[in-house]
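# Working through the structure, step by step
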Amino acid sequence: MSPEEKQTREELAACYRLAALHKFTDLIYTHITARVPGEDGHFLINPYGWRWEEITASSLVKIDVEGNKVDGGPHRVNPAGFTIHSAVHMHRHDAAWIMHTHTRAGVAVSCMEEGLLPLNQISLQFHNRTAYHDFEGIALDLEERERIVADFGNHPVMVLRNHGLIATGRTAAEMFSNMFYLERSCEIQVAATSSGRPLRMVEESIAAQVHGQYTQMNEEDGDLQLEWNAHLRSIEGLGSSYRA
């Protein structure tokens, strides 16, 4: 195993543990995947049937673009669950990391006609950066991959209508940050819309300004790495090591 794959395995296992910590899981369903550095068409995914808080670096399974195992390991995978991930991985060089969730707030917003609203500072980091894909049933049809890719464009996150959320990233830190704050945005929106009070949207010019400020903080000020380090500290000492 190359040092690059080892690091990727450790960071992916950390993402699973963090997602479990923040209750982004759907028991054994949905996935977080990562491209294997230096191995064209190979990816890492969770063993099917494991809870996300059980995932370790060594338990992750290496698969190809069709979800078939390539490492000869003992664990099962869910090829159907990789349909959405493979579509984006194959067509987006920047989407080296992908997380798909079925959280209560995320699915709730996916059922709202208006989608993600410009309601607050947190949601504005996704202003004009959120893609949408209409529900076509359980993602078993490989032909749907082309439509997912077309709808995704170059956006970092997607709302799967009546289904859930997807976040991508060039790194584990970027992907997890995108999902963490997309999920937080959905939670706030559900709370606000449930209040029964009139909602105050942020006007377009301010929304665009805040989006630019987020970009500067992450890319120029290095906030994304500080945030990732803080996430990693939050799972140190929780049960068995995710690095194992």
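Fair warning: this is a prediction, and the values are worked out from it, not measured in the lab.

### Some words on the nonpolar core
The biggest cluster of nonpolar side chains holds 47 residues, and the ones touching the most others in it are Leu12, Cys15, Tyr16, Ile32, Trp97, Phe176 and Trp228. What phenylalanine 176 contacts, discounting residues up to four positions off in sequence, is Cys15, Leu18, Ala19, His22, Phe24, Met99, Trp228 and His231. Ranked by size, the runner-up nonpolar core spans eleven residues in total, among them Ala95, Ala131, Leu160 and Ile166.

### Some points on the side chain of serine 185
Along the chain, the position of serine 185 falls in helix 5 (residues 172-194). On the basis of relative accessible area, serine 185 is assigned to the buried category, the value being 1%. A polar contact is formed between the side chain of serine 185 and the backbone nitrogen of serine 123, at a distance of 3.5 Å. Apart from the residues lying within four places of it in its own chain, the contact partners of serine 185 are Leu116, Ile122, Ser123 and Phe126.

### Here we look at the pattern of salt bridges
Counting across every chain of the model gives twelve salt bridges. Glutamate 5 is the partner of arginine 9 in a salt bridge, and the nearest nitrogen-oxygen pair spans 2.9 Å. Highlighted residues: arginine 9 and glutamate 5, both in helix 1 (residues 3-21), separated by four residues, approximately one helical turn. Residue arginine 9 is classed as buried on the basis of its relative accessible area, which comes to 7%. Among the salt bridges present, the one from aspartate 94 reaches arginine 92, with a minimum N-O distance of 2.8 Å. Through salt bridges that share partners, Glu5, Arg9, Glu39 and Lys62 make up one connected network.

### As for the sheet that holds strand 5 (residues 130-133)
Here we have seven strands laid out as an open sheet, ordered 3-2-1-4-7-6-5, and mixed in their pairing. Looking at the sheet topology across the chains shown, the edges are occupied by strand 3 (61-63) and strand 5. With direction set aside, neighbouring strand axes in the sheet form an average angle of 20°. When strand 5 meets strand 6 (residues 157-160), the two strands line up parallel, connected through four bridges. Bridging across to strand 6, histidine 133 finds its partner in leucine 160. Packing of helix 1 onto the sheet brings it into contact with strand 1 (32-35), strand 2 (43-45), strand 3 and strand 4 (97-101), and relative to strand 1 it is tilted by some 165°.

### A word on helix 2 (residues 83-91)
Burial runs high along helix 2: seven of the nine residues are buried. Every buried residue of helix 2 is accounted for by Thr83, Ile84, His85, Ser86, Ala87, Val88 and His89. Structurally, helix 2 contributes buried residues whose contacts are with strand 1, strand 2, strand 4, helix 4 (144-152), strand 6 and strand 7 (164-169).

### Focus: unusual backbone geometry
Note on backbone geometry: most residues besides glycine have negative phi, and most peptide bonds are trans. Of note, the phi angle at lysine 23 is positive, near 60°, even though the residue is not glycine. By the element assignment, lysine 23 lies in the loop between helix 1 and strand 1. On the accessibility criterion, lysine 23 (68% relative accessible area) is exposed. For leucine 27, which is not glycine, the phi dihedral falls at a positive 60°. As for its position among the elements, leucine 27 is in the loop between helix 1 and strand 1. Taking relative accessible area as the criterion, leucine 27 reaches 56% and is therefore assigned exposed.

Cut-off values and rules
Residues numbered from 1 in each chain as written. Predicted model: local features only at pLDDT ≥ 70, side-chain atom pairs only at ≥ 80, totals over all residues. Heavy atoms only, no water. Core = buried A, V, L, I, M, F, W, Y, C linked by side-chain atoms within 4.5 Å. Buried < 20%, exposed > 50% of the residue type's maximum accessible area, 1.4 Å probe, protein only. Contact = heavy atoms within 4.5 Å. Helix = DSSP H or I, 4+ residues; strand = E, 2+ residues; numbered from the N terminus. Polar contact = N/O pair within 3.5 Å; in protein donor to acceptor, adjacent residues only side chain to side chain. Salt bridge = Lys/Arg side-chain N within 4 Å of Asp/Glu carboxyl O. Pairing = 2+ DSSP bridges. Axes fitted to C-alpha atoms, helices over the stretch in contact; angles between N-to-C directions.

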